[in-house]
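The lines below spell out each chain.
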Amino acid sequence: MKKNRIHIEKELKCKSSNIIWPLLSTPEGLKKWIADEVTREENLMTFRWGPLWGNHEIRTADIRNEVRGESICFVWTDDDDDDAYWELKLEQSDITGDFILLITDFAYSEDLEALQDIWDQNLEQLHANTGL
């Protein structure tokens, strides 16, 4: 069964990709808004949610493509849909000059609403921790 694509756009009140890019591409940045713990070993990122000593989830993503300052594309190593990925991409608004974060992700039909909620929470966390 194939997953469905979701696309989310979030304007970030920032005109510098040098400020935003580390939040999308480094373990330290991703810990501020995606997961409780993030580590990187070459092209593999490991994400942990929840306390290590309690109930937690750990997933690993392969970095399929990374264009510094523009986009990073991940594939969950345990995903059964070969076409599914999640991507964080930056575009700059011609009108305001601010950057726009474009998120692409995939989920099964019954999980689309839950995935949208997760991204909404992640973006709220990004704003709370960085002001963006």
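Summarised in this report is the structure supplied together with it. Residue positions within a chain follow its written sequence, with the count starting from 1. Local features in this predicted model are restricted to residues of pLDDT 70 or higher, and side-chain atom pairs are both shown and tallied only at a pLDDT of 80 or more, whereas totals for entire chains, interfaces and linings draw on every residue. To get the side-chain values, all heavy atoms of the structure are used, and hydrogens and water are removed first.

## Considerations on a negative patch on the surface
Phase 1 of the analysis: Patches were defined on residues exceeding 30% relative accessible area and lacking a salt bridge, with like-charge contacts within 9 Å and nonpolar side-chain contacts (Val, Leu, Ile, Met, Phe, Trp, Tyr) within 5 Å. Here the open area of atoms and residues is found with the Shrake-Rupley method and a 1.4 Å probe, where only the protein chains shown may cover a residue. The rule for a salt bridge is simple: a side-chain nitrogen of Lys or Arg has to be within 4 Å of a carboxyl oxygen of Asp or Glu. Charge counting treats Lys and Arg as positive and Asp and Glu as negative, with His and both chain ends excluded. Throughout, a charge is located at the NZ atom of Lys, the CZ atom of Arg, the CG atom of Asp or the CD atom of Glu. On the surface, a cluster of negative charge is made up of Glu113, Asp117, Asp120 and Glu124.
Phase 2 of the analysis: Numbering goes from the N terminus for both helices and strands, where a helix is a DSSP run of H or I of at least four residues and a strand is a run of E of at least two. Assignment of secondary structure puts aspartate 120 in helix α3 (residues 112–130).
Phase 3 of the analysis: Owing to a relative accessible area of 32%, aspartate 120 belongs among the partly exposed residues under this scheme. Burial classes: relative accessible area under 20% of the type maximum marks a residue as buried, over 50% as exposed, and values in between as partly exposed (1.4 Å probe, protein chains only).

## Here we look at the sheet that holds strand β4 (residues 57–67)
Strands pair in a sheet through their backbones, by hydrogen bonds, and they do so in one of two ways: parallel or antiparallel.
Phase 1 of the analysis: Here the rule is simple: two strands pair whenever DSSP picks up at least two bridges between them. As summarised here, the arrangement of the seven strands in space is β1-β7-β6-β5-β4-β3-β2, forming an open sheet in which the pairing is antiparallel. Looking at the sheet topology across the chains shown, the edges are occupied by β1 (4–12) and β2 (37–41). Recorded for the sheet is a direction-independent mean angle of 25° between the axes of neighbouring strands.
Phase 2 of the analysis: When strand β3 (residues 44–49) meets β4, the two strands line up antiparallel, connected through six bridges. Counterpart to threonine 46 in the pairing with β4 is threonine 60.
Phase 3 of the analysis: The contact criterion used throughout is that any non-hydrogen atoms of two residues lie within 4.5 Å. What counts as an axis is a line fitted to C-alpha atoms, over the stretch in contact for a helix, and the angles between N-to-C directions run from 0 to 180 degrees. Sitting on the sheet, α3 is in contact with β1, β6 (86–92) and β7 (99–107), with an inclination near 20° to β1.

## Comments concerning the side chain of aspartate 105
Phase 1 of the analysis: Tracing the chain through its elements places aspartate 105 in strand β7.
Phase 2 of the analysis: With no salt bridge to any partner, buried aspartate 105 finds its closest opposite charge in lysine 3, at an N-O distance of 6.8 Å.
Phase 3 of the analysis: Among the polar contacts made by the side chain of aspartate 105, one reaches the side chain of tryptophan 119 at a distance of 2.8 Å.
Phase 4 of the analysis: In this view, aspartate 105 contacts Asn4, Arg5, Ile6, Tyr85, Trp86, Leu115 and Trp119; residues no more than four positions away in its chain are not counted. In protein, a polar contact means a hydrogen-donor-capable atom and an acceptor-capable atom, both N or O and within 3.5 Å, with residues adjacent in sequence counting only if both atoms are side-chain atoms; elsewhere, any N or O pair within 3.5 Å suffices.

## Here we look at a nonpolar patch on the surface
Phase 1 of the analysis: On the surface, Leu52, Trp53 and Ile58 cluster together into a nonpolar patch covering about 420 Å² of accessible area.
Phase 2 of the analysis: Mapped onto the fold, tryptophan 53 is located in the loop between β3 and β4.

## Notes on the pattern of salt bridges
Phase 1 of the analysis: Overall, the coordinates contain eight salt bridges when judged by the stated rule.
Phase 2 of the analysis: Here glutamate 11 and lysine 13 are joined by a salt bridge, their closest N and O atoms 4.0 Å apart.
Phase 3 of the analysis: Accessibility expressed as a relative area gives 33% for glutamate 11, which makes it partly exposed.
Phase 4 of the analysis: As a salt-bridge pair, glutamate 37 and lysine 31 come within 4.0 Å of each other at their nearest N and O atoms.
Phase 5 of the analysis: Salt bridges linked by common partners bring Lys2, Asp81 and Asp83 together as one network.

## What to know about the packing of aromatic side chains
Phase 1 of the analysis: Think of it this way: a Phe, Tyr or Trp ring, Trp meaning its six-membered ring, pairs with another when their centres are within 6.5 Å, and the plane angle makes it stacked under 30 degrees, edge-to-face over 60, tilted otherwise. Under the criterion given, the structure shown has 10 aromatic pairs.
Phase 2 of the analysis: For the ring pair tryptophan 33 and tryptophan 119, a centre distance of 6.1 Å and an interplane angle of 50° mean the geometry is tilted. Of the two residues, tryptophan 33 is situated in the loop between α2 (27–30) and β2 and tryptophan 119 in helix α3; the sequence distance between them amounts to 86 residues.
Phase 3 of the analysis: With a relative accessible area of 4%, tryptophan 119 lands in the buried category.
Phase 4 of the analysis: Ring centres 6.2 Å apart and planes at 80° place the aromatic pair phenylalanine 47 and phenylalanine 74 in the edge-to-face group. Here phenylalanine 74 lies in strand β5 (residues 71–76) and phenylalanine 47 lies in strand β3, a separation of 27 residues in the sequence.

The values reported here are purely geometric and, on their own, carry no functional implication.
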